[in-house]
Amino acid sequence: MVGPSKPTPQASFLKRATVIPLLLIALLCSLSYSLGLWQNRRAAADAGGGATTNLQCTHYTPTQKNTTALDFSSHHSAAAAVSDGVRTYPPCAAKYMEYTPCEDARRSLKFKRDRLIYRERHCPGKGDLLKCRVPAPHGYKTPLKWPASRDLVWYANVPHKELTVEKAEQNWIRYEGDRFRFPGGGTMFPNGADAYIDDIGKLINLADGSIRTAIDTGCGVASWGAYLLSRDILTVSFAPRDTHEAQVQFALERGVPALIGVLASKRLPYPSRAFDMAHCSRCLIPWDQYDGVYLMEVDRVLRPGGYWILSGPPIRWKKYWKGWQRTREDLNGEQTGIENVGKSLCWKKLVEQGDIAIWQKPTNHLECKAHRKITQNPPFCPAQDPDKAWYTNIETCLTPLPEVSDNQEIAGGKLAKWPQRLNSIPPRISRGTVEGVTDEIFQQDSQLWKRRVSYYRTVNNQLGKAGRYRNLLDMNAYLGGFAAALVKDPVWVMNVVPAEAKINTLGAIYERGLIGTYQNWCEAMSTYPRTYDLIHSDSVFTLYNYRCEMEDILLEMDRILRPEGSIIIRDDVDILVKVKRITDGLNWDSQIVDHEDGPLNREKLLFAVKLYWTAPASSDQGGSTTF
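The present account deals with the structure reproduced in this document.

1. Thoughts on the overall build of the protein
Then step 1. The secondary structure content of the protein amounts to 17 helices and 17 strands.
Then step 2. Per-residue burial over the protein gives 55% buried out of 627 residues.
Then step 3. In the protein, the share of contacts with a sequence separation of at least 24, taken over all contacts with a separation of at least 6, comes to 70%.

2. A few points about the pairing of strand β17 (residues 603-610)
Then step 1. Within β17, 8 of the 8 residues are buried, leaving the element largely enclosed by the surrounding structure.
Then step 2. Because side chains alternate across β17, one face comprises the buried residues E603, L605, F607 and V609, and the other comprises K604, L606, A608 and K610, equally buried.
Then step 3. In this structure, strand β16 (residues 588-593) lies alongside β17, joined through 6 bridges in antiparallel fashion. Following the sheet pairing, S590 is matched in β17 by A608.

3. A short note on the environment of R273
Then step 1. Take R273: it is sitting in the loop between β6 (258-260) and β7 (275-281).
Then step 2. Under the relative-accessibility criterion, R273 is labelled buried at 13%.
Then step 3. Separated by 30 residues in the primary sequence, R273 and R303 place their C-alpha atoms 4.0 Å from one another.
Then step 4. Every residue in contact with R273, bar those within four places of it in the chain, is listed here: R300, V301, L302, R303, P304, L401, P402, A411, G412, R428 and E511.

4. Examining the packing of aromatic side chains
Then step 1. Evaluation of the coordinates by the stated rule reveals 20 aromatic pairs.
Then step 2. Judged by centre distance (5.2 Å) and plane angle (40 degrees), the ring pair of W308 and W359 falls under tilted. With a gap of 51 residues between them, W308 in strand β8 (residues 302-311) and W359 in strand β10 (residues 356-360) connect regions that are remote in the sequence. Taken individually, W308 and W359 each receive the classification buried, so the pair is uniform in this respect.
Then step 3. Between R452 and the ring centre of W449, over which it is positioned, the NZ or CZ distance is 4.8 Å.
Then step 4. Here R470 stacks its cationic end above the ring of W146, 3.7 Å away from the centre of that ring.

5. Focus on the nonpolar core
Then step 1. Core analysis: the largest hydrophobic core is formed by 130 residues, its most contacted members being M277, W287, W308, L473, L554 and M557.
Then step 2. In this view, W308 contacts A278, H279, W287, L295, V298, L302, I338, W347, A357, I358 and W359; residues no more than four positions away in its chain are not counted.
Then step 3. If you look at the next biggest cluster of nonpolar residues, it comprises 9 residues, including V158, F182, V221 and A246.

6. So, the pattern of salt bridges
Where charged atoms from two side chains of opposite charge approach closely, those side chains can pair.
Then step 1. All told, the structure shown has 42 salt bridges when counted by the stated rule.
Then step 2. In this structure, the salt-bridge partner of D178 is K141, at a minimum N-O distance of 3.8 Å. One end of the pair, D178, is in the loop between β2 (174-176) and β3 (179-181); the other, K141, is in the loop between α2 (105-108) and β1 (152-154), and 37 residues separate them in sequence.
Then step 3. Across the pair R570 and E603 runs a salt bridge whose closest N-O atoms are separated by 3.0 Å. In this pair, R570 is assigned in strand β15 (residues 561-572) and E603 in strand β17, connecting sequence segments 33 residues apart. In terms of burial, R570 and E603 fall into one category: buried.
Then step 4. A single salt-bridge network, built from bridges that share partners, covers R452, D538, R570, E596 and E603.

7. Description of empty space enclosed by the protein
Then step 1. Within this structure, the stated rule accounts for 5 cavities of 30 Å³ or more.
Then step 2. If you add up the space inside the largest cavity, you get close to 60 Å³.
Then step 3. Looking at side-chain class alone, the lining of the largest cavity contains 4 nonpolar, 2 polar and 4 charged residues.

8. Describing the sheet that holds β2
Then step 1. The antiparallel open sheet is built from 3 strands, whose spatial order is β1-β3-β2. Both outer strands of the open sheet, β1 and β2, are each paired with one neighbouring strand and no more. With direction set aside, neighbouring strand axes in the sheet form an average angle of 30 degrees.
Then step 2. Bridge analysis of β2 against β3 gives 3 bridges, and the strand direction is antiparallel. Paired with R174 across the two strands is R181, which belongs to β3.

9. Here we look at the state of the cysteines
Then step 1. Evaluated as defined, the whole model comprises 6 disulfides.
Then step 2. Paired by a disulfide, C280 and C283 hold their sulfur atoms 2.0 Å apart. Looking along the S-S bond of the C280-C283 disulfide, the torsion reads about -95 degrees, which is the left-handed sense. Here C280 matches C283 in class, with each residue buried.

The rules behind the values
- Residues numbered from 1 in each chain as written.
- Predicted model: local features only at pLDDT ≥ 70, side-chain atom pairs only at ≥ 80, totals over all residues.
- Heavy atoms only, no water.
- Helix = DSSP H or I, 4+ residues; strand = E, 2+ residues; numbered from the N terminus.
- Buried < 20%, exposed > 50% of the residue type's maximum accessible area, 1.4 Å probe, protein only.
- Contact = heavy atoms within 4.5 Å.
- Pairing = 2+ DSSP bridges.
- Phe/Tyr/Trp six-rings, centres within 6.5 Å; stacked < 30°, edge-to-face > 60°.
- Lys NZ or Arg CZ within 6 Å of the ring centre and 35° of its normal.
- Core = buried A, V, L, I, M, F, W, Y, C linked by side-chain atoms within 4.5 Å.
- Salt bridge = Lys/Arg side-chain N within 4 Å of Asp/Glu carboxyl O.
- 1 Å grid on protein atoms, 1.4 Å probe; cavity = no way out; pocket = protein on both sides within 12 Å on 5 of 7 lines; lining within 4 Å.
- Points joined across faces, edges and corners; volume = space filled by probe spheres on them.
- Nonpolar A, V, L, I, M, F, W, Y, C, P; charged D, E, K, R; others polar.
- Axes fitted to C-alpha atoms, helices over the stretch in contact; angles between N-to-C directions.
- Disulfide = S-S within 2.5 Å.

What follows is the structure, encoded as structure tokens:
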């Protein structure tokens, strides 16, 4: 019987030669794994030790799932402590509860009072930026749900009683225990805003969908805009800071769109041909002065065929001149001046009835240009971008409308009536004047945002609950798809087109029947703290990478977000990792989740909730501290 043969020396050598490299490879892999694990744990410690399981500071692992879900509901929990190892941002002093950085009263003293230039935006320099979190007043409450909030605001949220005394006879606002009531009154509508709007509706058609967007200059507490909402008319209301204490802040607490702003030396931050209707009710703007420059700015933002409505001085001066404490000659001169400016802009005065006068802008400039061959006052503005309106000087000239071939054509294109206007191709896009945006791209974008908002609702189930959110901000709106997808919800969205955006799309957003503004996010927004219930940011931090500090943008978001408000940030994963480190220091509860298309997409989403906290009870909240 023959046994198994013994291995030869050569075979033994080959076996050892094969095993040794395998052992070395295994050893190197083990060392590499241990080193990676050590680095990962150190990164997690640097991030505060409390990062969600799907977040690492070196790499994001898409296949890992979140172990905890954020609580987006309103519950007034105490502020949680921020983990060690993260830069924290302390609360600001209580005096900053109503801080508006670009409307600081002390800084404004450095600027001219002529034409209210001192009330324009004057933002702090980099060295003067606050690195702290603006507190809410002690006792701050979640605002009442819309539509109850239109009429009732918690006193603790805006602790100012000045208007209840100053405007007591005009029914603007009443103080009732722990809340304010807004009866809908106004200086020129003693029977209430609804009755006043009914009077306007007898003079022009407010009900057929042809009027969708409006602007209210010197808005008071924005009752005009508040009551127009029930008629599907969306109004941007604005007024200077502290003309009457907290008027814009009251408007925002009511759930009504509003911004701090003033007609002075700069264009309003809106594109040309944006609004179907402009309104001034005793807004104290000297329309007849400075060669009519303020009416020229109204003309720029007014759509062809749009209306300008004026009530209050000097309208019906023969009846009210004694009460206005002005002479008949003075008021007659003012009205004559306004009439002359309107004629120079080729406006047609439609009617003056009771306390209301209405002018209409022409639908094109064919006849107006023919008239300019006879009179050159004011001239048409030289070649320029009529939509450029971020720190752009107002000029004493008439903004020309787009060319037309005949007098029946509407300059810039005819708009569909609301609600069809929302999903119709905006004329700016169909005519090819928005660079790089075609009809097909617009339609694709609309469908994309319907899908994205549907995905948002699966992560933040509060988005589907009517009344949880009211005031929304889209920091980089593009074509307004986010707002359009939410149009059936009881919310309004301020669509921002950054001044640094490659394409100016704000005109197209307005042509959809939505509202918005321009903004440079390296600066503060012209609004009060605690304006918005939800802030949406799409690629904002990529756009502003290396332009300014990420923490300053996030601190501004924290300033304008309500306690227990929500954040949705879309951006590249590497950007979001850096954002997450800062949001931990801002006392936000946040987590990063996968893109709606799945884990292989580099773009991720950060969902966050600003935790509830307020200034201490001992802070002085009854004063009228300005900044």
